Amino acid sequence: MRTVEVTDDLQAYLDSLVPKRDVVLARMEEEAEREGIPIIEPHEGMLLYLLVKIARAKRVLELGAATGYSGIWLLRGTDGGTLTTFEVDHKRAERARANFAEAGFGKQALLLEQDAVAGVAKLDERFDACFIDLLNVFPSEDVTRRAVELCLERLEGGALLMADNALRQGEVVAPKNQQAKNVAAYNRLVAAHPRLESVVIPIRDGLSVARVKG
């Protein structure tokens, strides 16, 4: 079967089917476009929202907050749940906190300003879903594997493990730079892990979605 090429026009069509964003998300999208802030796009945001909602996740862990765009989608999917997220850039962290508050999640979002992998290692909490948005910036394959294992240790049976940029713009087919090698290593690890059942969805730059068995 022939694969449909996602052209700019087709992507715009897909995005047009996503419910109109409220003023907070709409403003954040405009800021991201203007300032070059890396955020997920509305179509992927809606998918994250639906996945979290379908899984009935109430406690969500996120690695890589940026200014809080994906975190808001995730929180809305929890129907009153909580988000623990990490961001090392102080200015972005401050903006994320303000955005969470404006979106009505000031008390439900805990943003920790520290390295995500080191920070997750210190957490005692258990979670129903995890979203990794740092595959493009992990320094090595070892750190990537460490992040996966740390997240898995904190996920309940039936929980979701999700990661953005799972296709690395196609570079995962024959990875040459370190970032592409990290993403490819993540995909191999998740696909072969005995505790996970997974798939990579070719939406935007690829979304890896896995369910913890048990």
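The structure presented is a predicted model; accordingly, all values stated were derived computationally and were not measured.

Each value, and the rule that gives it
- One numbering rule holds for all chains: residues counted from 1, following each sequence as written.
- Side-chain atom pairs in this predicted model are given and counted only at pLDDT of 80 or more, local residue features only at pLDDT of at least 70, and totals for whole chains, interfaces and linings cover all residues.
- Hydrogens and waters are ignored; side-chain quantities use all the structure's heavy atoms.
- The classification of residues rests on relative accessible area computed with a 1.4 Å probe and restricted to protein chains. Under 20% of the type maximum is buried, over 50% is exposed, and intermediate values are partly exposed.
- A helix here means a DSSP run of H or I that spans at least four residues, while a strand means a run of E at least two residues long, and both kinds are numbered starting from the N terminus.
- Two strands qualify as a pair provided that DSSP identifies no fewer than 2 bridges between them.
- The salt bridge definition used is simple: a Lys or Arg side-chain nitrogen within 4 Å of an Asp or Glu carboxyl oxygen.
- Note on definitions: angles span 0 to 180 degrees between N-to-C directions of axes, and those axes are lines fitted to C-alpha atoms, for helices only across the stretch in contact.
- Roughly parallel covers angles under 35 degrees, roughly antiparallel covers those over 145, roughly perpendicular covers 65 to 115, and oblique covers all other angles.
- Helix crossings get a hand from a simple test, with the near helix turned counterclockwise from the far one by less than a right angle marking a left-handed crossing and a clockwise turn marking a right-handed one.
- Residue contacts are counted whenever heavy atoms from the two residues lie within 4.5 Å of one another.
- Polarity classes work like this: nonpolar for Ala, Val, Leu, Ile, Met, Phe, Trp, Tyr, Cys and Pro, charged for Asp, Glu, Lys and Arg, and polar for all others, with Gly in that last group.

Enquirer: How should I be thinking about the pairing of strand E7 (residues 207-212) in this particular structure?
Expert: Taken residue by residue, a regular strand's side chains alternate between the two faces of the sheet. Most of E7 is tucked away, with five of its six residues classed as buried. Note: strand E5 (residues 155-164) against E7, five bridges, orientation antiparallel. Residue Leu161 lies in a different strand from E7, and its bridge partner there is Ala210. With six bridges connecting them, strand E6 (residues 196-201) and E7 associate as antiparallel partners. Bridge pairing in E7 places Ser198 opposite Ala210.

Enquirer: Where do I start with the pattern of salt bridges in this structure?
Expert: Opposite charge on two side chains lets them pair, provided their charged atoms get close. According to the stated counting rule, one finds 21 salt bridges in the structure shown. Residue Glu35 pairs with Arg34 through a salt bridge whose shortest N-O separation is 3.8 Å. In this structure, Glu197 and Arg211 form a salt bridge, with 2.9 Å as the shortest nitrogen-oxygen distance. Here the residue Glu197 occupies a position in strand E6, and Arg211 occupies one in strand E7, the gap between them amounting to 14 residues. Of the residues examined, Arg211 reaches a relative accessible area of 36% and is grouped as partly exposed. One continuous salt-bridge network, built from bridges that share partners, spans Arg27, Glu31, Arg34, Glu35, Arg95 and Glu102.

Enquirer: Could you clarify how one ought to interpret the packing of helix H2 (residues 23-35) against helix H4 (residues 69-78) in this entry?
Expert: Contact pair H2 / H4: the axes reach a minimum separation of 10 Å and the direction vectors enclose 155°. In terms of their interaxial angle, H2 and H4 are classed as roughly antiparallel. When the axes of H2 and H4 are compared, the crossing they make is left-handed. Contacts from Val24, Leu25, Met28 and Glu29 of H2 reach H4 at Tyr69, Ile72, Trp73 and Arg76. Tallied by class, the residues present in the contact of H2 with H4 amount to six nonpolar, no polar and two charged.

Enquirer: Quick question: what am I supposed to make of unusual backbone geometry here?
Expert: Trans peptide bonds make up the majority, and among non-glycine residues the majority have a negative phi. Of note, the phi angle at Arg56 is positive, near 55°, even though the residue is not glycine. Along the chain, Arg56 falls in the loop between helix H3 (42-54) and strand E1 (59-63). Accessibility expressed as a relative area gives 72% for Arg56, which makes it exposed. Backbone geometry places Gln169, a non-glycine residue, at a positive phi of 55°. Mapped onto the secondary structure, Gln169 falls in the loop between E5 and helix H8 (178-192).

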